[in-house]
Amino acid sequence: MDPATIIGIVLAFGAVVAMVTMEGAHLSALLLPAPMVLVFGATIAVGIASGTIKDFLTAFKALPRALRGKVEPPQQVIDQVVGLAEKARASGLLAMEQEAEGVDDPFLKRALQNIADGTDGDELRVLLEDEIATRSKKDRVAAKFFSAMGGYAPTIGIIGTVVSLTHVLENLAEPGELGPLIASAFVATLWGLMSANFLWLPLGARLRRLSELDVERMTLLMEGVLAVQSGSQPRLLGERLRAMVPDGDADKPASKAAKASRGAKDPVEEAA
């Protein structure tokens, strides 16, 4: 689990609370039900209106993923593929069917089953690339939904302020009440801006980033299983997959060799 989004949102709202407290104001002045209902309710409603019900459900289902942000480390993927390559060299490609039974990832499971069934390498590549493209397209729908709400929220906040100011103009005969009424009128604008920049836009950006990482993971798996099918040597396959990963995201193969060399004594030192 990567709690970056939760930490960021909490810190963002925490900064607002700190500012309000330092200025000697009260949070109750900001927690007004009417503007909050308008901003959040209308923003979600307009977001639904801008797409389809299926888009809304897709975005709603993606919300837990955006908060958890679970991403499989590249090194774990590489180790898994190298293990499959070693199994294939020892027991043949038919052993991939047995390996597929113990795999939870549907993408990798289907790839291994196709390898065991003898699917042609070029056809398997096309099949896996199409599946990656479909997954990416689905993820973009959820990200676009939240980003769209981030665009609507500030304007809806302004609408709430205009509605409240209309109510203020109705009470010009009571100057003593104008100050609190004007202050509460701008709360709608505040919540429109905060909800957009503290919630909707970050969630949209988060889902886009998670989609990119997922596509990179699936691409790594695709290249790995295709190399397994072609009989690639496991060590060389590991090096090739590490070359596809940015520096620092995967352990380098020299680590084990370095540990072994450090553990062995130099022959000259032993003779001495």
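Residues numbered from 1 in each chain as written. Predicted model: local features only at pLDDT ≥ 70, side-chain atom pairs only at ≥ 80, totals over all residues. Heavy atoms only, no water.

*Asks:* Hey, could you go over the overall build of the protein for me, with residue numbers and the actual values?
*Replies:* In terms of helices and strands, the protein carries twelve helices and zero strands. Along the chain direction, N to C, the helices and strands of the protein fall in the order α-α-α-α-α-α-α-α-α-α-α-α. Classification of the 272 residues of the protein by burial places 35% in the buried group. Nonlocal contacts in the protein, meaning residues at least 24 apart in sequence, comprise 77% of its contacts between residues at least 6 apart. When the accessible surface of the protein is summed, it comes to about 15800 Å², and 62% of that surface belongs to carbon and sulfur atoms. (Helix = DSSP H or I, 4+ residues; strand = E, 2+ residues; numbered from the N terminus. Buried < 20%, exposed > 50% of the residue type's maximum accessible area, 1.4 Å probe, protein only. Contact = heavy atoms within 4.5 Å. Areas by Shrake-Rupley, 256 points an atom, 1.4 Å probe, with all protein chains shown as cover.)

*Asks:* For the side chain of serine 136, give the residues involved together with the corresponding values.
*Replies:* Here serine 136 shows up in helix H7 (residues 121-169). What serine 136 contacts, discounting residues up to four positions off in sequence, is Ser211 and Val215.

*Asks:* Tell me about the confidence of the model for the protein, and name the residues and values.
*Replies:* For the protein, the average pLDDT comes to 85, and 87% of its residues sit at 70 or higher. In the model, residues 253-272 has pLDDT below 50 throughout and makes three contacts with residues more than four positions away in sequence or in other chains. (pLDDT = per-residue confidence, 0-100.)

*Asks:* Give me the lowdown on the environment of glycine 69, citing residues and values where you can.
*Replies:* Tracing the backbone shows glycine 69 in the loop between helix H3 (53-68) and helix H4 (74-91). Counting along the chain gives 140 residues from glycine 69 to arginine 209, while the straight-line C-alpha distance between them is 9.5 Å. Here glycine 69 is in contact with Asp2, Arg206 and Leu210, once residues within four sequence places are set aside.

*Asks:* An account of the nonpolar core is requested, with residue identities and associated values reported.
*Replies:* Of all hydrophobic cores here, the largest spans 30 residues; its most connected members are Met96 and Leu112. Taken together, the elements giving at least two residues each to this core come down to H4, helix H5 (95-101), helix H6 (106-116), H7, helix H9 (187-229) and helix H10 (234-243). When residues no more than four places from it in sequence are discounted, the contact partners of leucine 112 are Leu84, Met96, Glu99, Ala100, Val103 and Val225. Judged by nonpolar contacts, the second largest core, of 15 residues, contains Ile9, Phe146, Ala153 and Trp200. (Core = buried A, V, L, I, M, F, W, Y, C linked by side-chain atoms within 4.5 Å.)

*Asks:* A description of the environment of threonine 119 should follow, citing residues and the corresponding values.
*Replies:* Tracing the backbone through its elements, the reader meets threonine 119 in the loop between H6 and H7. Considering only alpha carbons, one finds threonine 119 and glutamine 229, 110 residues apart in sequence, at a separation of 9.5 Å. Here threonine 119 is in contact with Asn114, Leu124 and Gln229, once residues within four sequence places are set aside.

*Asks:* An account of the packing of H9 against H10 is needed here, citing residue identities and associated values.
*Replies:* Axis separation between H9 and H10 bottoms out at 11 Å; the angle between their running directions is 160°. What the angle tells us is that H9 and H10 run roughly antiparallel. Read as a crossing pair, H9 and H10 show a hand that is right-handed. Contacts between H9 and H10 involve Leu220, Glu223, Gly224, Ala227 and Val228 from the first element and Leu237, Arg240 and Leu241 from the second. Looking at side-chain class alone, the contact of H9 with H10 contains five nonpolar, one polar and two charged residues. (Axes fitted to C-alpha atoms, helices over the stretch in contact; angles between N-to-C directions. Parallel < 35°, antiparallel > 145°, perpendicular 65-115°, else oblique. Left-handed = near helix turned anticlockwise from the far one by under 90°. Nonpolar A, V, L, I, M, F, W, Y, C, P; charged D, E, K, R; others polar.)

*Asks:* Describe the packing of aromatic side chains, and please don't skip the residues or the numbers.
*Replies:* How two aromatic rings sit relative to each other is set out by the distance from centre to centre and by the angle between their planes. According to the stated counting rule, one finds seven aromatic pairs in the structure shown. Ring geometry for phenylalanine 40 and tryptophan 200: centres 6.3 Å apart, planes at 70°, overall edge-to-face. Highlighted residues: phenylalanine 40 in helix H2 (residues 33-49) and tryptophan 200 in helix H9, separated in sequence by 160 residues. Judged by its relative accessible area of 21%, phenylalanine 40 is partly exposed. When its relative accessible area of 9% is taken as the criterion, tryptophan 200 is described as buried. Members of the aromatic cluster, joined through ring pairs, are Phe40, Phe56, Phe60, Phe145, Phe146, Trp191 and Trp200. (Phe/Tyr/Trp six-rings, centres within 6.5 Å; stacked < 30°, edge-to-face > 60°.)

*Asks:* Which residues make up a nonpolar patch on the surface, and what values go with them?
*Replies:* Together, Met1, Ile6, Val10 and Leu67 give the surface a local cluster of nonpolar side chains, amounting to about 370 Å² of exposed area. By the element assignment, valine 10 lies in helix H1 (residues 4-22). A residue is classified by how much of its surface remains accessible, and valine 10, at 53% relative accessible area, is exposed. (Patch = residues over 30% accessible without salt bridge, like charges linked within 9 Å, V, L, I, M, F, W, Y side chains within 5 Å. Salt bridge = Lys/Arg side-chain N within 4 Å of Asp/Glu carboxyl O.)

*Asks:* Explain the pattern of salt bridges to me, using residue names and the numbers behind them.
*Replies:* Following the criterion strictly, the structure yields eleven salt bridges and no others. A salt bridge links arginine 217 to aspartate 105; the nearest nitrogen and oxygen atoms lie 2.8 Å apart. One end of the pair, arginine 217, is in helix H9; the other, aspartate 105, is in the loop between H5 and H6, and 112 residues separate them in sequence. Residue classification places aspartate 105 among the buried positions, given a relative accessible area of 18%. Salt-bridge contacts for arginine 125 lead to glutamate 129; the nearest nitrogen and oxygen are separated by 3.9 Å. Separated by four residues within a single helix, arginine 125 and glutamate 129 lie in helix H7, roughly one turn from each other. Three or more residues are tied together by salt bridges with common partners; here these are Asp105, Arg135, Asp214 and Arg217.

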